[in-house]
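Structural features, examined
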Amino acid sequence: AGAGADPMLLRCLKGERVERPPVWLMRQAGRYMKEFRAYSEKYPFRMRSETPEIAIELSMQPLRAFGVDAVIMFSDILTPLPAFGIDFDIVKGKGPIIPTTIRTPAQLAALTPLADFDPAAKLPFVAETLGALRAELKGSDTTLLGFVGCPWTLAAYSMEGGSAKEIRHTKKLMHSEPELVHGFLQYVTDAIAKYAVFQIDAGAHAVQLFDSWAHHLSPADYREFAAPYAKQVVDKIKAERPGVPVLFFPNGAGGKLEIVKEVVDTADVISLDWGVSMADARKRLGPDVMVQGNLDPAVLLGPEEYIRKAVRECCREAGPSGHILNLGHGVMQGTPEESVATFCQTAREFLYEKEF
């Protein structure tokens, strides 16, 4: 970026025309990278994400390796849970484990009171990591992204106790004790909005909201239990930090895009998963909604020519503006690093004035 100019991805987020699609990847800091494994094989997840010098290094690795247009802080959507009074761990091969679930009014009442939820005191490593990353990126053309989990996803994880195929406990509560579930969702909404603002103040140019478990909900349940709370988080961020872009990723929402567009209408970008074609999503969301995505991560397991073709097709379907190239989910373990390099390079070569 020229002196004082915003980095390209941030300019795109703010609605300016850019010369090509900006590019980054969800889970770009991950075990598919040899450099990353040097840390992940040595240190447990929470130590890596809660030790600023390690989190900074892991956040920067994909920028050095692939020249992505965004650095996203190395962390997890569950990171703020202990500050709410919900402990968790991420166990290799098992994923997140939440030993004490939230399934009763008494458990909900025992959470940290919202007035006492202080990210600066409870999560200082997040501010330290973001502050150092922002300083490191100063004067570069790279955008720094923070991120949070959406209320629905965080509440469901906490009610379920970890990953589950059918989230039976959560759904049983939704249908038999909806007032308890709504009370918990409202608690998470207020806390997570505070946490997002804290990340912005620490140095994030923009924040992405991950509703990773949106795919578990029928359209009617999504409209009741997820979309309105995601909308509240976006609106709270916008009210407190106007002008800061918010990206929204409702995973598995191909059958709910109309609800996303209608309810979460204040998000700057809708990030699409790979279950919907870019052309179809563009048609359904309309030309004024900025989109991100949405290649199937498995495309990166294919040969170089196939990756190039898939990237170009996606960018063509997205059109000459309002598109950030990404995957439709996180990078898969075992993805060749050179495939990620090809993905990024193809985006850099996709110049709008040459292609359209």
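Here's a quick rundown of the structure. (Residues numbered from 1 in each chain as written. Predicted model: local features only at pLDDT ≥ 70, side-chain atom pairs only at ≥ 80, totals over all residues. Heavy atoms only, no water.)

**Quick notes on the sheet that holds strand 9 (residues 323-327)**
Let me state the cut-off plainly: For two strands to pair, DSSP has to find at least two bridges joining them. Helix and strand assignments follow DSSP, with helices taken as H or I runs no shorter than four residues and strands as E runs no shorter than two, numbered in order from the N terminus. For helices, the fitted axis covers only the stretch in contact; all axes are lines through C-alpha atoms, and the angles between them, taken along N-to-C directions, range from 0 to 180 degrees. The contact rule is simple, with two residues in contact once any of their heavy atoms fall within 4.5 Å.
Pairing in this open sheet of seven strands is parallel, and the strands run 1-4-5-6-7-8-9 from one edge to the other. Each of the sheet's edge strands pairs with one partner strand only, and the pair in question is strand 1 (70-72) and strand 9. Strand-to-strand twist across the sheet, computed as the mean angle between neighbouring axes with direction ignored, equals 25°. Where strand 1 and strand 4 (residues 143-149) come together, three bridges link them in parallel fashion. Within the sheet, the bridge partner assigned to Ala-70 lies in strand 4 and is Thr-143. Each of strand 1 and strand 4 touches helix 8 (residues 124-137); the most contacted strand, strand 4, lies at about 160° to it. Here helix 12 (residues 219-240) sits on the sheet and contacts strand 5 (206-211) and strand 6 (246-250); the angle it forms with strand 5, its principal contact strand, is near 170°.

**Observations concerning helix 8**
Here is the rule we go by: Between the first and last residue of a helix there are one fewer steps than residues, each counted as 1.5 Å, and that sum is the expected span. Any residue under 20% of the maximum accessible area for its type is buried, any over 50% is exposed, and the rest in between are partly exposed; the area is computed with a 1.4 Å probe on protein chains only. What the arc measures is the spread of directions leading from the helix axis to the C-beta atoms.
Its 14 residues place the ends of helix 8 20 Å apart at the C-alpha level, agreeing with the 20 Å of an ideal helix rising 1.5 Å per residue. Regarding helix 8, the residues found buried are Phe-125, Val-126, Thr-129, Leu-130, Leu-133 and Leu-137. Projected down its long axis, helix 8 shows its buried positions confined to an angular sector of 130°, all on one face. For helix 8, the elements touching its buried residues are helix 3 (45-50), helix 4 (52-66), strand 1, helix 7 (119-122), strand 4 and helix 11 (178-202). Two residues or fewer after helix 8 comes Gly-139, characterised by a positive phi angle close to 80°.

**Focus: the pattern of salt bridges**
Worth spelling out the cut-off: Salt bridge, as applied in this entry: a Lys or Arg side-chain nitrogen positioned within 4 Å of an Asp or Glu carboxyl oxygen.
Counted under the stated rule, the structure contains 20 salt bridges. Note that Lys-231 is salt-bridged to Asp-265, the shortest N-O span being 2.8 Å. Note that Lys-231 is positioned in helix 12 and Asp-265 in the loop between helix 13 (257-263) and strand 7 (269-271), a separation of 34 residues in sequence. For Arg-312, the salt bridge identified is with Glu-355, shortest N-O distance 3.1 Å. Note that Arg-312 is positioned in helix 15 (residues 304-318) and Glu-355 in helix 17 (residues 352-355), a separation of 43 residues in sequence. The class for Arg-312 is partly exposed, based on a relative accessible area of 28%. Relative accessible area serves as the criterion here: at 15%, Glu-355 is assigned to the buried category. Because the salt bridges share partners, they merge into one network encompassing Glu-35, Glu-57 and Arg-64.

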